[in-house]
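Each chain, written out:
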Amino acid sequence: MNKIWIITKRELSSYFDSLMAYIMMFIFLGLSGFFTWWYGSDVFFRNIASLQSFFGVAYWTLFIFIPALTMKQIAEEVKTGTIELLLTKPINDWQVVVGKFMGTFLLVVIALVLTIPYYITIANVGPVDHGGVITGYLGLLLMSAAYISIGIFASSITSNQIVAFLLALIIGIFFQWLFGMLAMAIGGVAGNILIYLDLGGHYDSITRGVIDSKDIIYFASIIFAGLVASEIALVKRNLN
Amino acid sequence: MDIVVEKITKVYGTQKALDDLSFRVKTGEVLGFLGPNGAGKTTTMKAITCYLAPNVGDITVGGISVKKDPELVKKRIGYLPENNPLYLDMPVIDYLSFIGELQGVVKKDLPARISEMVKVCGLTKEKYKKIGELSKGYRQRVGLAQALIHNPDVLILDEPTTGLDPNQIIEIRDLIRRIGQEKTVILSSHILAEVEATCDRVLIINKGKIVADGTPDELRKAAQGNEILRVGVEGADRQVVYDAVKSLVTVSVVDLVSNNNQLLEVQSSAGESSKKAIFDLCVKNGWYLTELVSIEKNLEDIFREVTKEN
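Residues numbered from 1 in each chain as written. Chains lettered and ligands numbered in written order. Predicted model: local features only at pLDDT ≥ 70, side-chain atom pairs only at ≥ 80, totals over all residues. Heavy atoms only, no water.

Broken down by element type, chain A carries 13 helices and zero strands. Mapped from its N terminus to its C terminus, chain A presents α and β elements in the order α-α-α-α-α-α-α-α-α-α-α-α-α. Its C-alpha radius of gyration of 19 Å places chain A within 12% of the 18 Å reference for a compact globule of 240 residues. Its C-alpha atoms give chain A principal-axis dimensions of about 60 × 50 × 30 Å. Here chain A holds 240 residues, and the buried ones make up 52% of them. Of the roughly 10,900 Å² of accessible surface on chain A, 74% is carried by carbon and sulfur atoms. Taking the 12 positively charged and 13 negatively charged side chains of chain A as two groups, their mean positions are separated by 7 Å. (Helix = DSSP H or I, 4+ residues; strand = E, 2+ residues; numbered from the N terminus. Rg over C-alpha atoms; globule rule 2.2 N^0.38 Å. Buried < 20%, exposed > 50% of the residue type's maximum accessible area, 1.4 Å probe, protein only. Areas by Shrake-Rupley, 256 points an atom, 1.4 Å probe, with all protein chains shown as cover. Lys, Arg positive; Asp, Glu negative; His and termini not counted. Charge placed at Lys NZ, Arg CZ, Asp CG, Glu CD.)

Shown next, in the form of structure tokens:
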């Protein structure tokens, strides 16, 4: 656990050292604030104290941003050779992968914590559905964790960051839309499997306020599968 | 802490990088690992440091197998990989502290260890700079500092002096020799002079197999075979000298050195020395001896001899 935390700390501080964290926070807070308060169906236009539009914008911003955050995590280490440095220290491949996952996840958590003032101010304007806000945040956290895990996997199978970014985005698009669309087109047993794989559906059911163990298990298994696949990609150096 | 490499074989695709390789390194020994490019030096080092697992065979470091407890083995090893990969965006101090934490240095000892390493490796002025801003020589020192941060018993250095200028090479060699007095060190190189200057023992490998093993002196002696002398004699016709030398009992072959008509290359028969006989011959005939040098093979010749393609 201690080893994982050492990696997490380094990952997190490297985001802040490289400006990546500030750019991400600036755009994330800026966009979500803009759409919550000023533009389109903002609170004043609809006259309802709700964070609906905030969650919508936050969701899409994170969907695009997470691949950009995860793309370098393993790809760069493989390219510069520092992965060898890391893995010849008393730490195993799994701890490295989990440490990196936690680093990005914490950055997203920090970004979301910084949006709590939106919630507080909106709550002062009018009555807010507090339960809905909590499940909204929970949904964002679970969805982010799933895409971070996918992003790290994409980063672990190539040493090219752009390829890692695009790959993570493409896998994300499958989970976001294509599985759902295919399910409609195919139907039957295969359709049911694809409906289960559709991330959007699980996200919606959580944000609607229904915290079902089925959805939690879904997100947990995507996170776990992504991390295991990344570990396998690292261990692969020993297979012939 | 002894390192025992036992019959390891490593295959990359269809290519055998290591072929049933076995050797052992004793505590306090500095072992030089020589070989042409692609001989398997780096692969062996990666196997000892648990980065790559051999397909067959086992390695133990201080009695602990890399297969059973890689984490404990890695704790005992300080490793400087080939090309010295570093996190270029980290300041030297932060980097050393990160590696120290990973190596399990106790938190309260860490600042003292870092400042000691900074001092030993001559990084005092550079310690707050980002590694990316340092020159190659200083980066190499950072690489050494991170390998030494947890005071390991075993030090593995893959081509520690590549890309350094002559002054830096000498500094790094001194450092390795100083460290090598109490630790087990394996260093790879293809610079033979370096191995000769720093190592107690030399291991030459080619195509994943050991082709020579011994101290630099032993290797030289083994490759030497018969005594070879370069002899210069004046005061008589070359043919006369040639015949006279050839008729000596201890001499087996005499060659003329082509670009100098007064020089001969004289090879003695096995186990014999012809120095005294040649000197006596000159005295008897009243010739001047201008040169009498025994030609030693250097490590370069040995290296070429044992690694050349057949």
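A separate point is the interface of chain A and chain B. In this assembly, 24 residues from chain A lie in contact with 29 residues from chain B. Buried surface at the junction of chain A and chain B, both sides included, amounts to about 2,500 Å², of which 55% is carbon and sulfur. Linking chain A with chain B are two salt bridges, by the criterion used here. Residue Glu 84 of chain A is joined to Lys 46 of chain B by a salt bridge in which the shortest nitrogen-to-oxygen separation is 3.8 Å. Here chain A is connected to chain B by seven residue pairs in polar contact (both at pLDDT 80 or more). Elements that contribute at least two residues to the side of chain A that touches chain B include exactly helix 1 (2-17), helix 5 (75-80) and helix 6 (82-87) of chain A. (Contact = heavy atoms within 4.5 Å. Buried area = accessible area lost by both parts, 1.4 Å probe. Salt bridge = Lys/Arg side-chain N within 4 Å of Asp/Glu carboxyl O. Polar contact = N/O pair within 3.5 Å; in protein donor to acceptor, adjacent residues only side chain to side chain.)

Now for helix 10 (residues 275-285) of chain B. Residue and element names in this part refer to chain B. What helix 10 keeps buried is the set Ile 278, Leu 281 and Cys 282. Considered in projection along helix 10, the buried side chains sweep an arc of 95° and stay on one side of the axis. In helix 10, the exposed positions that point more than 90 degrees away from the buried face belong to Lys 276, Val 283 and Lys 284. Elements in contact with the buried residues of helix 10: strand 11 (228-234), helix 9 (238-246), strand 13 (263-268) and strand 14 (288-294). (Arc of directions from axis to C-beta.)

This next bit is on a nonpolar patch on the surface. Residues and elements named next belong to chain A. Taken together, the side chains of Leu 19, Tyr 22, Ile 23, Phe 26, Ile 27 and Leu 31 present a nonpolar region at the surface, about 610 Å² in accessible area. With respect to the element layout, Leu 31 can be found in helix 2 (residues 20-37). Residue Leu 31 is classed as partly exposed on the basis of its relative accessible area, which comes to 35%. (Patch = residues over 30% accessible without salt bridge, like charges linked within 9 Å, V, L, I, M, F, W, Y side chains within 5 Å.)

Quick look at the sheet that holds strand 10 (residues 209-214) of chain B now. All names here are of chain B. Ordered in space as 6-7-8-3-9-10, the six strands form an open sheet in which the pairing is mixed. Each of the sheet's edge strands pairs with one partner strand only, and the pair in question is strand 6 (77-80) and strand 10. On average, adjacent strands in this sheet sit at an angle of 15° to one another, irrespective of strand direction. The sheet contact formed by strand 3 (residues 30-34) and strand 9 (residues 201-206) spans four bridges and is parallel. Counterpart to Leu 34 in the pairing with strand 9 is Ile 204. Helix 1 (residues 41-48) contacts strand 3, strand 6, strand 7 (154-158), strand 8 (184-189) and strand 9 of the sheet and is inclined by roughly 150° relative to strand 8. The strands that helix 5 (residues 136-148) touches are strand 6 and strand 7; relative to strand 6, the one it contacts most, it runs at about 165°. (Pairing = 2+ DSSP bridges. Axes fitted to C-alpha atoms, helices over the stretch in contact; angles between N-to-C directions.)

All right, on to the nonpolar core then. Side chains of a nonpolar character, in soluble globular proteins, are inclined to be buried together. Counting residues in hydrophobic clusters, the biggest one holds 114 residues, and the most contacted among them are Met 143, Leu 199 and Phe 219 of chain A together with Tyr 95 and Phe 98 of chain B. Ranked by residues supplied to this core, first place goes to helix 9 (residues 130-156) of chain A with 11 residues. Once residues lying within four places of it in the same chain are set aside, the contact partners of Phe 98 of chain B are Ile 6, Ile 7, Arg 10 and Leu 86 of chain A together with Tyr 87 and Met 90 of chain B. Ile 3, Leu 18, Phe 33 and Ile 186 of chain B belong to the second-largest nonpolar core, a separate cluster that totals 25 residues. (Core = buried A, V, L, I, M, F, W, Y, C linked by side-chain atoms within 4.5 Å.)

Turning next to the packing of helix 9 of chain A against helix 12 (residues 199-207) of chain A. Residue and element names in this part refer to chain A. For the pair helix 9 and helix 12, the least separation of the axes is 8 Å and the interaxial angle reads 155°. With respect to helix 12, the element helix 9 is oriented roughly antiparallel. Crossing geometry of helix 9 relative to helix 12 is assigned as right-handed. On helix 12, the residues that touch Thr 135, Gly 136, Leu 138, Gly 139, Leu 140, Leu 142, Met 143, Ala 146 and Tyr 147 of helix 9 are Leu 199, Tyr 203, Ile 206 and Thr 207. Split by residue class, the contact of helix 9 with helix 12 holds nine nonpolar, four polar and no charged. (Parallel < 35°, antiparallel > 145°, perpendicular 65-115°, else oblique. Left-handed = near helix turned anticlockwise from the far one by under 90°. Nonpolar A, V, L, I, M, F, W, Y, C, P; charged D, E, K, R; others polar.)

All names here are of chain A. Scanning all chains against the criterion turns up 17 salt bridges over all chains. One salt bridge in this structure joins Glu 77 and Lys 100, with 2.8 Å as the shortest N-O distance. On the criterion of sequence distance, the pair formed by Glu 77 in helix 5 and Lys 100 in helix 7 (residues 93-113) is long-range, its members being 23 residues apart. Here Glu 77 matches Lys 100 in class, with each residue buried. Here the residues in one salt-bridge network are Glu 11, Glu 77 and Lys 100, joined through shared partners.

Bringing the environment of Leu 85 of chain A into the picture now. Looking at the secondary structure, you find Leu 85 of chain A in helix 6. Judged by its relative accessible area of 1%, Leu 85 of chain A falls in the buried class. In this structure Leu 85 of chain A touches Pro 81, Pro 85, Tyr 95, Ile 99 and Gln 146 of chain B, once residues within four positions along its chain are discounted.

All names here are of chain B. On the basis of which strands lie adjacent, the open sheet formed by four strands has the order 2-1-4-5 and antiparallel pairing. With one partner strand each, in any of the chains shown, strand 2 (15-25) and strand 5 (64-65) form the two edges of the open sheet. As judged from the five bridges shared by strand 1 (residues 3-12) and strand 4 (residues 56-61), these two strands associate in the antiparallel manner. Within strand 4, the position partnered with Thr 9 by the bridge is Val 56.

Another point: the packing of aromatic side chains. A complete count under the given rule lists 21 aromatic pairs over all chains for this structure. Between Phe 54 of chain A and Tyr 137 of chain A, the ring centres sit 6.2 Å apart and the planes meet at 55°, which makes this aromatic pair tilted. Of the two residues, Phe 54 of chain A sits in helix 4 (residues 52-70) while Tyr 137 of chain A sits in helix 9, which places them 83 residues apart along the sequence. Relative accessible area serves as the criterion here: at 15%, Tyr 137 of chain A is assigned to the buried category. A network of ring pairs unites the aromatic residues Tyr 59, Trp 60, Phe 63, Tyr 147, Trp 177 and Tyr 203 of chain A as a single cluster. In this arrangement the basic side chain of Arg 10 of chain A is found over the ring face of Phe 98 of chain B, its NZ or CZ atom lying 5.7 Å from the centre. Above the plane of the ring of Tyr 15 of chain A lies Lys 72 of chain A, whose end atom (NZ or CZ) is 6.0 Å from the centre. (Phe/Tyr/Trp six-rings, centres within 6.5 Å; stacked < 30°, edge-to-face > 60°. Lys NZ or Arg CZ within 6 Å of the ring centre and 35° of its normal.)

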